[in-house]
Amino acid sequence: MGFASRHLGLLAACALCGCASGAATIEPIGRVPIAVTLEKLWTAHGGLDAARALRRVRARVSVEGDPPHMRLPAQTMEFQPDDWNLLAIGGDEYRHVLDLSDRPPTARAEQTLDYHLRSARMLCLLPLAIADPQWELWQDVTADEPDRPGVWAVPLGIPSPHAAYYLVPDPATGLLERVYYRVSHPRFAGKVVVAEFRKYRRVGGILLATEIAHSLVEPEETDPRRVRPADPFEPVESVFDPTRAGGDASDPFAFPVYWVLRFEDVVFE
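In this text the structure is predicted, and so the values were computed from the model without any measurement. (Residues numbered from 1 in each chain as written. Predicted model: local features only at pLDDT ≥ 70, side-chain atom pairs only at ≥ 80, totals over all residues. Heavy atoms only, no water.)

**Let's talk about the overall build of the protein chain**
To keep it simple, the criterion reads: Helix and strand definitions here come from DSSP, where helices need a minimum of 4 consecutive H or I residues and strands a minimum of 2 consecutive E residues; each element is numbered from the N-terminal end. Type-normalised accessible area, obtained with a 1.4 Å probe on protein chains alone, sets the label of each residue: buried when under 20%, exposed when over 50%, and partly exposed for intermediate values. Contacts are assigned to residue pairs that have any heavy atoms within 4.5 Å of one another. The accessible surface values rely on the Shrake-Rupley method and a 1.4 Å probe; as for residues, cover is taken only from the protein chains in view.
What the protein chain contains, in helices and strands, is four helices and 13 strands. In the protein chain, which comprises 269 residues, the proportion classed as buried is 51%. Considering only intrachain contacts with a sequence separation of at least 6, the fraction spanning at least 24 residues in the protein chain is 59%. For the protein chain, the computed accessible surface area is about 12600 Å², with 53% contributed by carbon and sulfur atoms.

In structure tokens:
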């Protein structure tokens, strides 16, 4: 049975809220805690009206990190927020449109570039992007942080390089503080990452994290801020097939230890 058929529920109609017993209840979104969490999160970032007004996003993206061969030189990317399939790379002199619904390349170096670009597209407009009806949202409160409810966001049918995002807001500002995700892209398939959203700046009425620091979450992690809550969606069917795309999740050197994604010269139209 596919994931979509096992976990049905549109944000506009209902939300699923985890109970203490681990069961799930379905209620109108206006009556459950997730509505409050999402409203605060979206309002802190500029609100859904500002997000819906966006027609085009353009930014220079780069990645620095360890090991050095995992870096991404500065690239200009452009996309329409409501189009999850097409991502334009380059400027006036050279422009390439990447179809994100296509399978990733099989060559290791090309896979790394492909992963970084896909990742930048998905993370750029979080958390406003998850208001799109192609996301399924669940409320969750962890035992370690009972006063800091997080939100599970799962892309349904979107060609995302990640699966089962867990979003944690900053209780002081309401802004997105960190995101946990499991990689579905064949380059790093199965790895779990924590991403810290930093250096917010306002662009066209929207608060955007211009720096996102990523690090691999080891299975033996004990720091509550780095341990991802239990994933209720595992296993999730991926739009990618790692075995057919040359993925090698068993290679201990295949994944960067630490890397920072940066957005510069951001323009919202």
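**Quick notes on the pattern of salt bridges**
To be explicit about the condition: A carboxyl oxygen of Asp or Glu within 4 Å of a side-chain nitrogen of Lys or Arg is what we treat as a salt bridge.
What the rule picks out here adds up to 13 salt bridges. Each of the salt bridges in this network shares a partner with another, and the network as a whole consists of Arg56, Arg58, Glu78, Arg95 and Glu269.

**Topic: unusual backbone geometry**
Omega for the bond connecting Leu126 with Pro127 falls within 30 degrees of zero, at 5°, which places this linkage in the cis form. Mapped onto the elements of the fold, Pro127 is located in the loop between α4 (108-123) and β7 (135-140). The phi angle at Lys199 is positive, at roughly 50°, despite the residue not being glycine. Summarising the element assignment, Lys199 is placed in strand β11 (residues 192-203). One non-glycine residue, Asp265, adopts positive backbone phi at about 50°. Look at Asp265 and you get exposed, because its relative accessible area is 55%.

**A word on the pairing of strand β12 (residues 206-216)**
What counts here: Two strands are counted as paired when DSSP detects at least two bridges linking them.
Judged by how many residues are buried, β12 sits mostly within the fold: eleven of eleven residues are covered. Note: β11 against β12, ten bridges, orientation antiparallel. Paired with Phe197 across the bridge in β12 is Ile212. The pairing of β12 with strand β13 (residues 258-268) spans five bridges and is antiparallel. Looking across to β13, one finds that His214 is bridged to Trp259.

**Regarding empty space enclosed by the protein**
Definition in use: A pocket, in this scheme, is an open set of points on a 1 Å grid over the protein atoms alone with protein on both sides within 12 Å along at least 5 of 7 lines, while a cavity is a set where a 1.4 Å probe fits but cannot get out; residues line either one if an atom lies within 4 Å of a point. Grid points are joined across faces, edges and corners, and a volume is the space filled by probe spheres set on the points. Just so you know the grouping, Ala, Val, Leu, Ile, Met, Phe, Trp, Tyr, Cys and Pro go in nonpolar, Asp, Glu, Lys and Arg go in charged, and all remaining residues, Gly too, go in polar.
Going through the model one piece at a time under the given rule, you end up with one cavity of 30 Å³ or more. There is about 30 Å³ of room inside the largest cavity. Taken together, His45, Cys124, Leu125, Leu126, Pro127, Leu128, Ile206, Leu207 and Leu208 form the lining of the largest cavity. Looking at the lining of the largest cavity, its residues break down into eight nonpolar, one polar and no charged.

**With respect to the side chain of His116**
With respect to the secondary-structure elements, His116 resides in helix α4. Every residue in contact with His116, bar those within four places of it in the chain, is listed here: Val63, Met70, Leu72 and Trp259.

**Quick notes on the pairing of strand β4 (residues 72-79)**
Sheet analysis places strand β3 (residues 57-66) next to β4, joined by six bridges and oriented antiparallel. Looking across to β4, one finds that Val61 is bridged to Gln75. One ladder, built from two bridges, connects β4 with strand β5 (residues 86-90); its direction is antiparallel. Opposite Glu78, over in β5, you have Ala88 as the bridge partner. Counting the residues between successive antiparallel strands, the hairpin from β4 to β5 contains six residues.

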